[in-house]
Amino acid sequence: MSTAAPAKIDIEAAPPLPRPSDPKLRHMADAIRALAMDAVEKANAGHPGMPMGMADVATVLWGKFLKFDPTDPAWADRDRFVLSAGHGSMLLYALLHLTGYAAMTIDELKRFRQVGSATPGHPERRLEHGIETTTGPLSQGFGNAVGMAIAERILAARFGPDLVDHHTYVIVSDGDLMEGHSHESMGLAGHLRLGKLIALWDNNGVSIDGPTRLATSENQLERFAAAGWDVAAVDGHDAIAIEAAIVRAKETPLPSLIACRTVIAFGAPTKAGTAAAHGAPLGATEIAGTRQRLGWDYPPFVIPDDVAAWWRDVGKRGAAPHRAWRERLARKPAAEQTVFQHRTTGVLKTGWKEALDRVKATLVANKPKLATRQASGEALNALVPAIPTLVGGSADLTPSNNTLAKGQKVITGADFAGQYLHYGIREHGMASTMNGLAVHGGIVPYGGTFLIFSDYARAAIRLAALMKQRVIYVLTHDSIGLGEDGPTHQPVEHLAALRAIPNVHVYRPADAIETAECWELALMRRDGPSVLALSRQSLPTLRDSAETNLSALGAYVLAEAEGRRQVTLLATGSEVSVAIEARRLLAGKGILAAVVTMPCWQLFELQDHAYRDRVLGTTPRVAVEAAVRFGWDRYLGSEGAFIGMKSFGESGPGAELFKHFGITAETVAAAAMAQLGEKN
């Protein structure tokens, strides 16, 4: 921040600010405005306009309604607050600092947008700091809020309102509502009648390009009303009107949208109401003028004692309801207390592994020929009754994804005492909702669609990885093996794309036993999401034993060479069976091959070098996967052979397509022989 005296602005030329309906609340809101413009100016980057415009709304919400306790940010029955308009992150950071969150110090606000600070450019989930979820990609936070509101209803149905009774509030921007994803989330929330979800729309009419009328003329209130929401419009700078709207929203049985008409960068003498205040510092001159107009006669980052005390009182308000809640919890039977604490902290009910072990034992005994999507369904038949925390769903592909377990109760707007959601054809909305279910706590979500449609969900999958959330994606129809639906539905690049996302474990099991093992690993993982890529077509059971979870190694030798290994065949999923047959063909020609199944590359990379070298061997290698080569060269090197897809697929029976594209045992065997310099 420059130390030179700023030039003066004639603030008399600016229109007068409206008289506040509650001067105390306006002065509290001005503290947010000052911190936002000071932090952005010091960082020389950021979005000051939104925090300044929504400061009055946020002050009323936090000052009069939000149930929270800064001394225990993880209190299970706190209200959830989501800033979907994550570019206005200084609004949240200022609120957390002012209300007394210990980690959000004034020094952290001064380090806004700096490496290693608690105040990154967009909010990143750190519950100990009071940040519920990671936002920034517009509309994602809105979807998360829908998931949080669903989680509250599910847990209230199980534990009752004396332990679970809270609201979810989300601030959305014009941009949030322009994103198509918002339509999916809005529709699901309205359908489920999520009465404890309240969205506060920063209706400032400004985006980066300029006035929003350049790009949109939608009537958002009519749009939300048509989706089953209660809607209202208020002056976003009138504290009394804002309070009345929130009171009304809390009384309706429907989710609520409150359109708060605001002025972006409220108080700024020349940039208020303009795109110039959206994504850049105001500048020293404009800040000086803003201070003068607001009557904020304090240096940067200084909050006067009276305002600081008012805000600290807001932070202390939650102590009494928090204490009363703990007393109610303490009066519950000890067993119920344990169940509640385990559930809200992510501890799975004991006995689920034994239930899954019984499934694996049956598979070993019967050696069925099953599509891995069907094997996943068999695993869920055992897991869902054993783990009440599991909440599944599908984007209108339930019979194809095999995601609905036997006897699994469906959640409806009238009854949340279930474990399954029909998301409708809303892949993106489903994925962001699952993130909200996960970050709320008390739920382990899984959801299904076709692997090809992971494109629709990719933004939310990436955020689950960034937030290190246990979210499980059941992605079926994983290759050209799905057949006649053709190249529009046949994924070829999707495995590579998902493997490229840091912290996502991509599992592609080879048979029913590996599928059960991969489910076990996904459930045990608490620091990131998992993808189960599953086949449409039936596959033989390849393993004779399931006593040890070999998939936990990421890759292992499924069939060693019967003698000194000459070539190594690497494969995943349905192509492991192809590699096993190629091994047999090679043996007939006197060539000794080992088959390595690689259900999860990410786990394989975590093993020590000695193990990886032992599995991969030092012999020539051939990989086979019904997908593009991208990524395989780390295991093949420049000289290794790859049998897979070099183009999009085609429409036709799956078995014929494997022959058409040369993904056959014969092709793999020929490639192995070529690697060895042998003639066919």
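Going by the structure above, here's the rest.
Worth saying up front: this structure is predicted, and the values here are computed from it rather than measured.

A.B. asks: Kindly report on the sheet that holds strand β6 (residues 230–235), identifying the contributing residues and their values.
C.D. replies: The parallel open sheet is built from 5 strands, whose spatial order is β1-β2-β3-β7-β6. The two strands at the open ends of the sheet, each matched to only one other strand, are β1 (80–83) and β6. Direction aside, neighbouring strands of the sheet carry axes that sit 20° apart on average. Taken together, the 4 bridges between β1 and strand β2 (residues 168–173) define a ladder with parallel strand orientation. Counted as the bridge partner of R80 is T168 from β2.

A.B. asks: So, the packing of aromatic side chains: which residues are in play, and what are the values?
C.D. replies: Scanning all chains against the criterion turns up 20 aromatic pairs. On the basis of an interplanar angle of 70° and a centroid distance of 6.2 Å, the ring pair of Y93 and F112 is categorised as edge-to-face. Here Y93 is found in helix α4 (residues 89–98), whereas its partner F112 is found in the loop between α5 (106–110) and α6 (140–159), with 19 residues between them in sequence. Here Y93 falls in the buried class, since its relative accessible area comes to 0%. Clustering of aromatic rings is evident, with ring pairs tying together W601, F604, Y611, W632, Y635 and F642. Across from the ring centre of F159, 4.3 Å away, lies the NZ or CZ of R158, which sits over that ring. In this arrangement the basic side chain of R499 is found over the ring face of W601, its NZ or CZ atom lying 3.8 Å from the centre.

A.B. asks: Can you lay out the pattern of salt bridges for me, pointing to particular residues and giving the numbers?
C.D. replies: Using the criterion set out here, one finds 30 salt bridges in the structure. Salt bridges sharing common partners tie together R26, D30, R33 and D56.

A.B. asks: Describe in detail the pairing of strand β14 (residues 530–533), supporting the description with residues and values.
C.D. replies: Residue alternation in β14 divides its side chains into two sets, S530 and L532 and V531 and A533, and both sets are buried. Strand direction decides the pairing type here: strand β12 (residues 472–476) and β14, joined by 4 bridges, are parallel. Looking at β14, one finds that L475 is bridged to A533. Note that strand β13 (residues 505–507) and β14 share 3 bridges and pair parallel. Counted as the bridge partner of V506 is V531 from β14. Remark: the β13/helix α21 (residues 512–524)/β14 crossover connection has right-handed handedness.

A.B. asks: Tell me about the side chain of N549, and please be specific about residues and values.
C.D. replies: Topologically, N549 is positioned in the loop between β15 (538–539) and β16 (556–559). Among the residues examined, N549 registers a relative accessible area of 16% and is labelled buried. In this structure the side chain of N549 is engaged in a polar contact, spanning 3.3 Å, whose partner is the backbone oxygen of E517. A distance of 3.1 Å separates the side chain of N549 from the backbone nitrogen of S551, its partner in a polar contact. Excluding residues within four positions of it along the chain, N549 makes contact with E517, E520 and L521.

Calculation notes
Residues numbered from 1 in each chain as written. Predicted model: local features only at pLDDT ≥ 70, side-chain atom pairs only at ≥ 80, totals over all residues. Heavy atoms only, no water. Pairing = 2+ DSSP bridges. Helix = DSSP H or I, 4+ residues; strand = E, 2+ residues; numbered from the N terminus. Axes fitted to C-alpha atoms, helices over the stretch in contact; angles between N-to-C directions. Phe/Tyr/Trp six-rings, centres within 6.5 Å; stacked < 30°, edge-to-face > 60°. Buried < 20%, exposed > 50% of the residue type's maximum accessible area, 1.4 Å probe, protein only. Lys NZ or Arg CZ within 6 Å of the ring centre and 35° of its normal. Salt bridge = Lys/Arg side-chain N within 4 Å of Asp/Glu carboxyl O. Right-handed = clockwise from strand over helix to strand, strands pointing away. Polar contact = N/O pair within 3.5 Å; in protein donor to acceptor, adjacent residues only side chain to side chain. Contact = heavy atoms within 4.5 Å.

Geometric descriptors of this kind do not, in isolation, establish any biological role.
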